[in-house]
Amino acid sequence: MAAAMTERILLTGASGQVGGELVGTLAPLGEVVAPGRGVVDLADSEGDFRSLREMIQTIRPRWIVNPAAYTAVDKAESEPEVAYAINRDAVRAIGEEAQKIGASVLHFSTDYVFDGLGSEPYLETDTPGPMSVYGKSKLAGEVALAESGAAHIVFRTSWVYGGRSKNFLLTILKLARERETVRVVGDQYGAPTWSRDLAAVTAAVMQRCEADAGKGSLSDTVARAGGIYHASGAGVTTWHGFAAEAVRQQREREPGVKLAEIEAITTAEYPTPARRPENSRLNCNKLADRFGWKMMAWQDSLHKVLAEI
């Protein structure tokens, strides 16, 4: 089966934050095929995911990299069917088709699979307990991929941002130019993760698996090294801390521009349809131990992103 494989990489979600970074980052590893939503429908209303399955069988990729997800956390509470279709059912279809052709899958998940009630950074072996439809659907996707039998690696990450698409950083910078004060939740803890750093570790891990496989079976190598890895920015802050540091750095870049003050509030003062974890910290030691990769400190990545936008 592996002999029929190509050196292609099937990439979903290329228009998103992580997917957009992966298009270029993965190019040295093989031909990146990144179909748009009009070609592959991950929210397949028919439930058979025919376009996705046919795409995989047609191009027969060596890797399937899946950063695509339903990420509208609050909206998921009112449309769980769509969240589960994209975050669970499409992932199951990817795994099933990958298993048939011997492809390896690299999939992205989230800190929201945890309830956030713990006091320490979460390990991969800690018991999940998602509190939102989004978190539950992402955990269900992890389970579906494992049950498919496909060789796979899952990166759980947190607070993804960058200089493109819609994200917390760009929203804060926009509001800071428009308002006198911006109120931001200061009692949820985690680490911002730069989408480009996430793309870089993805390419590095794929290259390492290729090197370890040599002339042998890549899927067997991935199966041995695979499973769940935490991959989030190094360090810890709150949403308020992230926003305040972003505005502080931006003031240094634009000393003549008046930017808002960032005021800390509690989660209770900013109610949302979906509950957020109070503790979103992820322990990334397994990633460092197995693949020798340490994620960037969030302050450093923030500095780099602000320099580009």
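Since we're looking at a predicted model, the values are computed, not measured.

Cut-offs applied
Residues numbered from 1 in each chain as written. Predicted model: local features only at pLDDT ≥ 70, side-chain atom pairs only at ≥ 80, totals over all residues. Heavy atoms only, no water. Salt bridge = Lys/Arg side-chain N within 4 Å of Asp/Glu carboxyl O. Helix = DSSP H or I, 4+ residues; strand = E, 2+ residues; numbered from the N terminus. Buried < 20%, exposed > 50% of the residue type's maximum accessible area, 1.4 Å probe, protein only. 1 Å grid on protein atoms, 1.4 Å probe; cavity = no way out; pocket = protein on both sides within 12 Å on 5 of 7 lines; lining within 4 Å. Points joined across faces, edges and corners; volume = space filled by probe spheres on them. Nonpolar A, V, L, I, M, F, W, Y, C, P; charged D, E, K, R; others polar. Expected span 1.5 Å × (residues − 1). Bend = angle between axes of the 7 residues up to and from the residue. Phe/Tyr/Trp six-rings, centres within 6.5 Å; stacked < 30°, edge-to-face > 60°. Lys NZ or Arg CZ within 6 Å of the ring centre and 35° of its normal.

Going through the model one piece at a time under the given rule, you end up with 23 salt bridges. The residue Arg251 makes a salt bridge to Glu261 at a minimum N-O spacing of 3.3 Å. Here Glu261 lies in strand 12 (residues 261–265) and Arg251 lies in helix 8 (residues 239–253), a separation of ten residues in the sequence. Arg251 sits in the partly exposed class, given a relative accessible area of 31%. Through salt bridges with shared partners, a single network forms among Arg53, Glu96, Glu97 and Lys100.

We now examine the layout of surface pockets. To find leftover empty space, a probe the size of one water molecule is rolled over the atoms. Approximately 270 Å³ is the volume found for the second largest pocket. Every residue lining the second largest pocket is counted, 19 residues in all, and those nearest its centre are Gly233, Ala234, Leu282, Asn283 and Cys284. Taken together, the residues that form the lining of the second largest pocket break down as ten nonpolar, seven polar and two charged.

Taking 1.5 Å per residue as the helical rise, helix 3 (residues 80–101) with its 22 residues ought to reach 32 Å, and the 31 Å between its terminal C-alpha atoms agrees with that figure. Along its length, helix 3 reaches its greatest deviation from straightness, about 35°, at Ile86. Phi for Gly102, located one or two positions after helix 3, is positive at around 80°.

Attention now goes to unusual backbone geometry. What you tend to see is this: most non-glycine residues have negative phi, and most peptide bonds are trans. Its identity as a non-glycine residue notwithstanding, Phe49 has a phi of 50°, on the positive side. Take Phe49: it is sitting in the loop between strand 2 (31–33) and helix 2 (50–59). With a relative accessible area of 3%, Phe49 lands in the buried category. With phi around 65°, Ser165 is a residue other than glycine that occupies positive phi space. Among the structural elements, Ser165 can be located in the loop between strand 6 (160–161) and helix 5 (168–178).

Moving on to the packing of aromatic side chains. Under the definition given, this model contains nine aromatic pairs. Ring geometry for Tyr161 and Phe242: centres 5.0 Å apart, planes at 65°, overall edge-to-face. Here Tyr161, found in strand 6, pairs with Phe242, found in helix 8; they are 81 residues apart in sequence, far enough to count as distant. Of the two residues, Tyr161 and Phe242, neither departs from the other in class, the shared state being buried. One residue, Lys286, lies across the ring of Tyr229, its end atom 4.4 Å from the ring centre. Seen from the ring of Phe291, Arg290 lies directly overhead, with NZ or CZ sitting 4.7 Å from the centre.

Note that all results are geometric; they support no functional claim without further evidence.
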